[in-house]
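Working through the structure, step by step
This is what each chain is made of:
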2 protein chains.
Amino acid sequence: MSTTPAVEDYLKTIYAHTEWQPEPITPSVLAARLGVAPSSVTEMVKKLAGAGLITHVPYGPLRLTPAGFLGASAVVRRHRLVETWLVREMGYDWDQVHDEAEILEHALSDRLLEAIDVRLGRPGSDPHGDLIPAADGSLVRVPAIRLADAAPGHAGTVLRISDRDPAILRDLAADSIGPGSALTVLESCAVRLPGGSIRLLAPDAAASIWLTK
Amino acid sequence: MSTTPAVEDYLKTIYAHTEWQPEPITPSVLAARLGVAPSSVTEMVKKLAGAGLITHVPYGPLRLTPAGFLGASAVVRRHRLVETWLVREMGYDWDQVHDEAEILEHALSDRLLEAIDVRLGRPGSDPHGDLIPAADGSLVRVPAIRLADAAPGHAGTVLRISDRDPAILRDLAADSIGPGSALTVLESCAVRLPGGSIRLLAPDAAASIWLTK
DNA sequence: TTCGGGCTTTCGGCCTGCCTAAATCTCGGC
DNA sequence: GCCGAGATTTAGGCAGGCCGAAAGCCCGAA
Ligand SMILES: [Mn+2]
Ligand SMILES: [Mn+2]
Ligand SMILES: [Mn+2]
Ligand SMILES: [Mn+2]
């Protein structure tokens, strides 16, 4: 099976699901994330499993094989490098890059990707703090905890903010919170910044932020 | 009908055919340029005509309507801006950009295209001297003559070199000939450069070069 | 004027990727 | 242990884009 944009999006979405939590993805969740009908997922799952990219027992969850993981890593790498490039060189804000990257991730050649990577100084993470896999799929993971799950008093650095909801990203930017921000958790939705100022976060936002442990 | 990559490639190819010569393109030539079967062209022609993008009488040639011309201009503009960007900023040589642009022309958003255009200082032509249409499809055409058709003694500036064959581009680059080069035609395949040196061009190359009249 | 080769179109088919509706399965709650 | 809600799969279809084979058209050469 050739690796079409659809295949790449399926692999990437399966990959992303287990990036910050261990449970494998189910067909219905995958369908919802991709915005397609569950029956469409069933079909593609057959093809991906047939190509040795995922494993799947009927009515069970989906897991990437090593080959599928490598393929997914390549897409994720392209997506995140593109996002980083758009923010650092093309005047985009971090809440504006996702849709553009969603398309370009399927269109860049290896050569152009390498040129962008070099220009950017081989960044290790994208504007949202998501790690950029190396060309061989490897990356250096750091133990992290959701801000919403952190105990009051927990102090840490923002590792990553889910880029799913642009509105959250804009709100956080307005609060000067981004990857690298140091903060202390006061209670479930309040944090103290280094200057001592306090920020009250929406529950959605608190669930989107991951801190060092 | 939505404007898919296939539609964009058809429009662009029809557009390009009449850019340097007046005869409209025929289905078989279009099929050859696109690398598809003639029957595939017949099908797409029906769709394009139905959408008001081209005119076509059965067994006749194909012509862009004003709407089709506008659509084609947009694709050509994206293609040529991408080529220019790859050469000026991403370390590509002028014979290496075509395939990459062939894909990216379908993937860039208007916003990203605008950002690239601004970065490059709104260039009027691409690395091969091909004019870059403005967003409204307009461009400033200059009378030109094929080097192969120029009379001995004709002196002019290189306006444009067809980018169809990368090998020709490499050869010409080795001879220090490119858009803007001043040269005098000696006989069909020989030219004199400003320094006085003489270059013997392959017939293919002489047919690919367009000079000021 | 006729004829035939070359274009063009028609026809039937294939593949990808998506859909809805209708089975079918699974698993937690009773 | 049974049952039903929810998840998953099956079945049948559709649209886009392509193909090869066969039929149809057109025009220049004779
Ligand atoms: Mn995508
Ligand atoms: Mn991101
Ligand atoms: Mn193209
Ligand atoms: Mn060009």
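A quick note: this is a predicted structure, and the numbers were derived from the prediction, not measured. (Residues numbered from 1 in each chain as written. Chains lettered and ligands numbered in written order. Predicted model: local features only at pLDDT ≥ 70, side-chain atom pairs only at ≥ 80, totals over all residues. Heavy atoms only, no water.)

For the rest of this paragraph, the subject is the protein's contact with DNA strand C. The immediate surroundings of DNA strand C are formed by 22 residues, with Thr 4, Ala 37, Ser 39 and Ser 40 of chain A together with His 56 of chain B found nearest. Within 4 Å of the protein, the contacting atoms of DNA strand C are 68% sugar and phosphate, with bases supplying the remainder. At 3.2 Å, a side-chain N or O of Tyr 59 of chain A approaches a sugar or linking oxygen of DNA strand C. Listed by contribution, the elements that provide at least two residues to the surface near DNA strand C are helix H1 (5-17) and helix H3 (38-50) of chain A together with helix H2 (27-34) and helix H3 (38-50) of chain B. The dominant element in the surface near DNA strand C, judged by the number of residues it contributes, is H3 of chain A, at five residues. (Near = heavy atom within 4 Å. Polar contact = N/O pair within 3.5 Å; in protein donor to acceptor, adjacent residues only side chain to side chain. Helix = DSSP H or I, 4+ residues; strand = E, 2+ residues; numbered from the N terminus.)

Feature annotation in UniProt assigns "domain: HTH dtxR-type" (unreviewed entry) to the following positions: residues 1-65 of chain A. Helix makes up 52% of residues 1-65 of chain A and strand 9%, with an end-to-end C-alpha separation of 15 Å. (UniProt positions renumbered as here; feature names shortened; annotations may be inferred.)

Residues and elements named next belong to chain B. Donor atoms from the polypeptide that bind the manganese ion (ligand 4) are Glu 83 (OE), Asp 126 (OD), His 128 (ND1) and Asp 163 (OD), placed at 2.1 to 2.5 Å. Mapping the donors of the manganese ion (ligand 4) onto the primary sequence yields the spacing E-x42-D-x1-H-x34-D. Here Glu 83 is found in helix H4 (residues 66-89), whereas its partner His 128 is found in the loop between helix H6 (110-119) and strand S3 (144-146), with 45 residues between them in sequence. Across the pair, His 128 and Glu 83 agree in class, each one buried. (Donors = N, O, S within 2.8 Å, 3.2 Å for Na, K, Ca; no water. Buried < 20%, exposed > 50% of the residue type's maximum accessible area, 1.4 Å probe, protein only.)

Summed over all chains, the structure comprises five aromatic pairs over all chains. Seen from their ring centres, Trp 85 of chain A and Trp 85 of chain B are 5.5 Å apart, and the 40° between their planes marks the pair as tilted. Pair noted here: Trp 85 of chain A is in helix H4 (residues 66-89) and Trp 85 of chain B is in helix H4, and the two residues belong to different chains. Side by side, Trp 85 of chain A and Trp 85 of chain B carry an identical accessibility label, which is buried. Where Trp 20 of chain B meets Trp 210 of chain B, the ring centres are 5.0 Å apart and the plane angle is 40°; that geometry is what we call tilted. Of this pair, Trp 20 of chain B sits in the loop between helix H1 (5-17) and H2 while Trp 210 of chain B sits in strand S8 (residues 209-212); the two residues are 190 residues apart in sequence, bridging distant segments of the chain. (Phe/Tyr/Trp six-rings, centres within 6.5 Å; stacked < 30°, edge-to-face > 60°.)

This paragraph deals with the coordination of the manganese ion (ligand 3). All names here are of chain B. With distances of 2.1 to 2.4 Å, the protein atoms coordinating the manganese ion (ligand 3) are Asp 9 (OD), Glu 102 (O), Glu 102 (OE), Glu 105 (OE) and His 106 (NE2). Here the donor residues for the manganese ion (ligand 3) map to a single chain with the spacing D-x92-E-x2-E-H. Of this pair, Asp 9 sits in helix H1 while His 106 sits in the loop between helix H5 (98-104) and H6, placing them 97 residues apart in sequence. For Asp 9, a relative accessible area of 19% puts it in the buried group. The partly exposed category is assigned to His 106, whose relative accessible area is 22%.

With that settled, the discussion passes to the protein's contact with DNA strand D. Looking at DNA strand D, there are 23 residues lining it, with Ser 28 and His 56 of chain A together with Thr 4, Ala 37 and Ser 40 of chain B nearest. One of the side-chain N or O atoms of Thr 42 of chain A is found 3.3 Å from a phosphate oxygen in DNA strand D. Taking Tyr 10 of chain B, its side chain carries an N or O atom lying 3.3 Å from a phosphate oxygen of DNA strand D. For the surface near DNA strand D, the secondary-structure elements that each account for two or more residues are helix H2 (27-34) and H3 of chain A together with H1 and H3 of chain B.

Glancing now at the relation of the copies chain A and chain B. Aligned on chain B, chain A shows an RMSD of 0.1 Å; the corresponding rotation is 180° and the shift along the axis is 0.0 Å. A rotation of that kind, with that shift, is consistent with a two-fold axis. Of the C-alpha atoms belonging to chain A, the one lying closest to the rotation axis is found on Ala 107 of chain A, 3.4 Å away. A share of 100% of interface residues in chain A that are also interface residues in chain B marks the association as one of identical surfaces. (Least-squares fit on C-alpha atoms with pLDDT ≥ 70 in both. Contact = heavy atoms within 4.5 Å.)

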